[in-house]
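The lines below spell out each chain.
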Amino acid sequence: MPTGTGLSRRDFLKRGAMAAAVPTLWPLIGRVGPAFGLDDPDPSTALRNRLVVIFLSGGNDGLNTVIPMWDADGTQRRSVYQAARPTLQYADTAVLHLDLTTDDAAHGLGLHPSLTKLHAMYEAGRVAVVQGVDYPNHSYSHFESTDIWQSGQPLAAPDSGWLGRHLDRSGIGAGELRAAAMTYDLPLALRGTDKLGITIPTLPFRFSDGTAAAADAKHAAAKLYANHPSSEPLRQYWGERMDESVRIVETLEVAPATPNTGNGLANALLTARTLLEGNYGTEVVFVAVGGYDTHELQRTAHQTLLTNLDNAIDTFFNGVPASGIPPLSPTVADRTMVMTFSEFGRRLKENGSAGTDHGAAAPLFLVGPPAGRLVGGIHGDHPNVGTTLAPVDNILQTTDLRAVYQAVLEQWLADPDPTLGAALPGLFLP
């Protein structure tokens, strides 16, 4: 074979092997800390606070999640609620009263009857209920509103996620799997300008091409590209990323299998728990669950959704002892907070199909550790619903989502975002 400008057979085979490996490895390349698998995460990562974000996809009905029990604060909240929802309303006697403090009790609000476990955590001071959360110039499109919620950028075209920018500022250190999504597609929330989270739908986590001998040989060959000399800096850089990507999968493919609880959200949260408890340096996990677009026959569907949410959060923190699933380890539980959000709420009035249509503001939950810095109770003002003679068409913002994000970033993850403005006060102890 001629020499000079041509490729040798050996070079051809080597480059062919790398090209064959790239499609399998590409989703991981560049998303893990340098030399993952070669060095354990810095021990200080065990001292970080952790955040688990649950996206309730479809638009959760906030008014039937946090429900007016009477006409409190000089309003006609309960009266308007009853008139607007003749078939979807819940009796005040069925609602779980939010009365952790005297101030909470005076709001006359309660949780949906299905949220019994979350209510018990609220009474223990572990749940913050943030009211009326939304953003300016509201969009009723699932896609646009999801992008705004995940980016925290309501006034510009979203170009990064609010947690992805946190990764940009904080970096991903040696040996770290710092941010992961229990999804098949990486959510915008974990996309930074320079750094990205990775997707891990379940555990054990394996290459898409399996573990047959040919696939294993391809993966082993890919690791060798880390040996490119420093005189070839570009090849050396990408070779090292190939090596890191193989090693992270080799670590995760022997991780404990996720138990099947019969509740898909609980399963995803247990996968998240394995990452948080393992020696991976994991700080942020994103979990998504669908079904919240309740345009018709909402009552039964929403009850099932909230029951699953309630059980999933309880399983995440407290396990299922009867099934051999232990509680979250105390050292991790003391540093872990769960946050829920949805791309929008629902309209005040029920529609003609016994459901509700796309709305605007809605409450979200923050669920913290037994003795953490989260301040449990009701935060923010309940949105105006008008009067029985003049009810509002929609439930509008009283709390800006950017203020909630800033509070979480600044006071929980110790990394304020300079683009988000002031944090919502009172969510955390100094």
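Residues numbered from 1 in each chain as written. Predicted model: local features only at pLDDT ≥ 70, side-chain atom pairs only at ≥ 80, totals over all residues. Heavy atoms only, no water.

Draft legend 1. Broad picture of the confidence of the model for the protein chain. Mean pLDDT for the protein chain: 87, with 83% of residues reaching 70 or above. This model gives residues 1-24 a pLDDT under 50, and the stretch forms 20 contacts once residues within four places in sequence are excluded. (pLDDT = per-residue confidence, 0-100. Contact = heavy atoms within 4.5 Å.)

Draft legend 2. Structural detail: the environment of V66. Note that V66 resides in strand β2 (residues 66-68). For V66, a relative accessible area of 3% corresponds to the buried category. Linking V66 and H112, residues 46 residues apart in sequence, is a C-alpha distance of 6.3 Å. (Helix = DSSP H or I, 4+ residues; strand = E, 2+ residues; numbered from the N terminus. Buried < 20%, exposed > 50% of the residue type's maximum accessible area, 1.4 Å probe, protein only.)

Draft legend 3. Region of interest: the pattern of salt bridges. A full pass over the atoms with the stated rule returns eleven salt bridges. In this structure, R77 engages D73 in a salt bridge whose closest nitrogen and oxygen atoms are separated by 3.2 Å. Owing to a relative accessible area of 6%, R77 belongs among the buried residues under this scheme. Residue D73 is classed as partly exposed on the basis of its relative accessible area of 48%. Where D417 meets R169, a salt bridge forms, and the shortest distance between an N and an O atom there is 3.6 Å. You can see D417 sitting in the segment after α12 (401-411) and its partner R169 sitting in helix α6 (residues 162-170), a full 248 residues away along the chain. For D417, a relative accessible area of 2% puts it in the buried group. Since its relative accessible area comes to 31%, R169 is described here as partly exposed. If you follow the salt bridges from partner to partner, you end up with R48, E176, R178 and E283 in one network. (Salt bridge = Lys/Arg side-chain N within 4 Å of Asp/Glu carboxyl O.)

Draft legend 4. Geometry of the environment of S170. Following the sequence through the fold, S170 ends up in helix α6. Note: C-alpha distance between S170 and A414 (244 residues apart in sequence) is 9.9 Å. Residue contacts for S170: discarding those within four places in its chain leaves R178 and D415.

Draft legend 5. Seen up close, the packing of aromatic side chains. All chains considered together, the criterion is met by seven aromatic pairs. Considering the side-chain rings of W149 and Y405, the 6.4 Å spacing of their centres and the 75 degrees angle between planes classify their relative orientation as edge-to-face. With W149 in helix α5 (residues 142-151) and Y405 in helix α12, the pair connects residues that are 256 residues apart, well separated along the chain. Considered together, W149 and Y405 belong to a single accessibility category, that of buried residues. Ring geometry for F316 versus F317: centroids 5.0 Å apart, planes at 85 degrees, classification edge-to-face. (Phe/Tyr/Trp six-rings, centres within 6.5 Å; stacked < 30°, edge-to-face > 60°.)

Draft legend 6. Here's a closer look at the side chain of N64. Mapped onto the elements of the fold, N64 is located in the loop between β1 (50-56) and β2. Polar side-chain contacts of N64 include one of 3.3 Å to the side chain of R85. Among the polar contacts listed, one links the side chain of N64 to the backbone oxygen of L88, at a separation of 2.9 Å. Other than its neighbours up to four places away in sequence, N64 contacts Y81, R85, L88, Y90, H112, Q298, H302 and L306. (Polar contact = N/O pair within 3.5 Å; in protein donor to acceptor, adjacent residues only side chain to side chain.)

Draft legend 7. View of α5. Within α5, burial applies to S145, T146, I148, W149, Q150 and S151. With a side-chain oxygen positioned 3.2 Å from the backbone nitrogen of F143, the residue opening α5 is S141. Of the residues flanking the end of α5, it is G152, one or two places downstream, whose phi is positive at about 70 degrees.

Draft legend 8. Representation of the sheet that holds strand β4 (residues 109-111). Reading across from one edge, β2-β4-β3 is the order of the three strands in this open sheet, with antiparallel pairing throughout. The sheet is open, and its two edges are formed by β2 and β3 (96-97), each paired on a single side. As paired elements, β3 and β4 share two bridges and run antiparallel to each other. When the bridges of β4 are listed, H97 appears paired with G110. Together, β2 and β4 form the strand contacts of helix α2 (residues 77-84), whose direction differs from that of β2 by roughly 105 degrees. (Pairing = 2+ DSSP bridges. Axes fitted to C-alpha atoms, helices over the stretch in contact; angles between N-to-C directions.)

Draft legend 9. Inspection of the nonpolar core at higher detail. Counting residues in hydrophobic clusters, the biggest one holds 51 residues, and the most contacted among them are I54, I200, L252 and L275. Among all residues touching L275, those that are not within four sequence positions of it are L177, A180, M182, I200, L203, L252, Y280 and T282. In this structure, F341, A407, W412 and L424 belong to the second largest nonpolar core, which totals 39 residues. (Core = buried A, V, L, I, M, F, W, Y, C linked by side-chain atoms within 4.5 Å.)

Draft legend 10. Fine view of α12. Taking burial as the measure, the eleven residues of α12 include ten buried ones, the bulk of the element. Listed as buried for α12 are L401, R402, A403, V404, Y405, Q406, A407, V408, L409 and Q411.

Draft legend 11. Summary view of empty space enclosed by the protein. One pass over the full model with this rule turns up two cavities of 30 Å³ or more. Considering the residues around the largest cavity, the lining is formed by 18 residues, among which N60, F341, S342, P363 and L364 are closest to the centre. Those elements giving two or more residues to the lining of the largest cavity turn out to be α10 (298-318), β9 (336-341) and β10 (362-367). When residues in the lining of the largest cavity are grouped by element, the largest group, four residues, is from β10. Here the residues of the lining of the largest cavity sort into 13 nonpolar, five polar and no charged. Quantified by volume, the second largest cavity comes out at close to 110 Å³. (1 Å grid on protein atoms, 1.4 Å probe; cavity = no way out; pocket = protein on both sides within 12 Å on 5 of 7 lines; lining within 4 Å. Points joined across faces, edges and corners; volume = space filled by probe spheres on them. Nonpolar A, V, L, I, M, F, W, Y, C, P; charged D, E, K, R; others polar.)

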